[in-house]
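One letter stands for each residue in the lines below.
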Amino acid sequence: METFDCHGWLFITVSETSDTATVKLSHRLAHVYYYPIDLPNDVVDLIQNNPNMTVNQLWTDILKQHPEPLFERKSVYAKWAQQDRLRWKRDDDELKSARILLDEAKAGGSHAELYTVEAVDLPEVEGFTALAFALPNILRKWGGRIREIALDSAWNTNGSGFELYALLGEVYGSGIPLGYLLLRSSAGVKGGKEQFLTHFLGAIRDKWNIQAHFTLTDKDWSEINACRASYPDAKHQLCYWHCLRAIKTRLSILRRTPAFYNSTEAHAEFSWIDEAFVPVQQRDNPVRHCQYSASPL
């Protein structure tokens, strides 16, 4: 809304002998006209009568009836979210509500042909709140044939501070969801996240015979260690995108001498590395580079 200096004053007079207060509001300049921004009744009816439409679809239909609406799209989203919440909210306690939904989805109901879920039992760890479930319809069909899995997380996606971990399996070059873990920490014990991830991976592995030969994560040590503990014989790989980002980030740092590269140690660990392969600066002046690398700076 447009604002300007209207030279307005608000006077409130209160008397000690009376329980009535006098309020006087004055303006020297008139304000701009106030337009109603409430959603019209036909828009509200459209949202309520079409629960399966997305906000984009609703907004497209709304613009056909209201080409120049005085209300905003975010008002439509707020009303849609309020209406959609009635479909899945079972309790004011979000964790209790989620568990009720899991129980309903486990039974299947009208959506049994589309999906069912199965809760995964988790350990009790001080300072952590967690909820996990698997997708048995998918696992029953593909579980024994999956040889590559990926574990990834999304954080800061809700107002309650839960991290969402998704376990994916590779089928004919495409990723399919196998299970999900919601995890929140409030100054929990050290290693608690890794403990939950290891238990989550192990429970799905044992129940559905997941024999992964390859595991994939980003550079999160909790995820890496959990994969190694659950699949000790599998080859672990880092996410290609995260590797590229790490390299670009490192190369973008200027005026910082890299640490000394010991080609002998590298060759001893990986025999395919050529011992003659060293950085140009180290090859041209190895003594000076060693002095810099040993410096506490």
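Residues numbered from 1 in each chain as written. Predicted model: local features only at pLDDT ≥ 70, side-chain atom pairs only at ≥ 80, totals over all residues. Heavy atoms only, no water.

Where interface size is quoted, it is often the accessible area lost as the parts come together. You can read the domains of the protein as domain 1 (41–88) and domain 2 (94–247). A C-alpha centroid distance of 34 Å is found between domain 1 and domain 2. (Domains from an automatic or database assignment.)

Ile149, Leu181, Ile204 and Ile210 are the most contacted members of the largest nonpolar core, which totals 29 residues. Secondary-structure elements contributing two or more residues to this core are β4 (128–134), β5 (148–154), β6 (163–171), β7 (174–185), α6 (192–208) and α7 (221–230). In terms of residue count, α6 provides more of this core than any other element does, 6 residues in total. For Ile210, the residues in contact, after removing those within four places along its chain, are Leu139, Gly143, Ile146, Ile149, Ile204, Arg205 and Tyr231. Of all hydrophobic cores here, the second largest spans 10 residues; its members include Val43, Ile47, Met53 and Val76. (Core = buried A, V, L, I, M, F, W, Y, C linked by side-chain atoms within 4.5 Å. Buried < 20%, exposed > 50% of the residue type's maximum accessible area, 1.4 Å probe, protein only. Helix = DSSP H or I, 4+ residues; strand = E, 2+ residues; numbered from the N terminus. Contact = heavy atoms within 4.5 Å.)

Bringing the packing of helix α1 (residues 41–49) against helix α3 (residues 73–88) into the picture now. Where α1 meets α3, the closest approach of the two axes is 10 Å, and the angle between their N-to-C directions is 40 degrees. Of the possible angle classes, the one that applies to α1 and α3 is oblique. Seen along the crossing, α1 lies across α3 with a hand that is right-handed. Here Val44, Ile47 and Gln48 of α1 come into contact with α3, specifically with Val76, Lys79, Trp80 and Gln83. When grouped by side-chain class, the residues that make up the contact of α1 with α3 number 4 nonpolar, 2 polar and 1 charged. (Axes fitted to C-alpha atoms, helices over the stretch in contact; angles between N-to-C directions. Parallel < 35°, antiparallel > 145°, perpendicular 65-115°, else oblique. Left-handed = near helix turned anticlockwise from the far one by under 90°. Nonpolar A, V, L, I, M, F, W, Y, C, P; charged D, E, K, R; others polar.)

For the rest of this paragraph, the subject is helix α2 (residues 55–65). Residues of α2 that are buried: Val55, Leu58, Trp59 and Ile62. With its buried residues spanning 95 degrees around the axis, α2 presents them on a single face. Against the buried residues of α2 lie α1 and α3. (Arc of directions from axis to C-beta.)

Burial of strand β2 (residues 21–26) is sparse: only 0 of the 6 residues sit out of reach of the surface. Of the pairings in the sheet, the one linking strand β1 (residues 9–14) to β2 comprises 6 bridges and is antiparallel in character. The residue of β2 that forms the bridge with Phe11 is Lys24. Between the end of β1 and the start of β2, which pair antiparallel, lie 6 residues. (Pairing = 2+ DSSP bridges.)

Leave glycine aside and you will find that most residues have negative phi; peptide bonds, for their part, are mostly trans. Positioned with a positive phi, Tyr172 is a non-glycine residue whose angle comes to about 50 degrees. One can find Tyr172 in the loop between β6 and β7. According to the relative accessible area criterion, Tyr172 is exposed, its value standing at 72%. Phi is positive for Asn209, which is not a glycine, with a value near 55 degrees. Of note, Asn209 is situated in the loop between α6 and β8 (214–217). A relative accessible area of 41% means that Asn209 is categorised as partly exposed.

Let's shift gears to the sheet that holds β8. If you walk across this open sheet you meet the 7 strands as β3-β4-β7-β6-β5-β8-β9, and the pairing is mixed. The open sheet is flanked by β3 (118–119) and β9 (235–238), the only strands paired with a single partner. Two strands pair when backbone bridges link them, and β5 and β6 are joined in this way by 6 bridges, in the antiparallel orientation. The residue bridging Asp152 from the neighbouring strand is Ala166, located in β6. Along the sheet face, α6 touches β3, β4, β5, β6 and β7 and points at about 145 degrees away from the line of β7.

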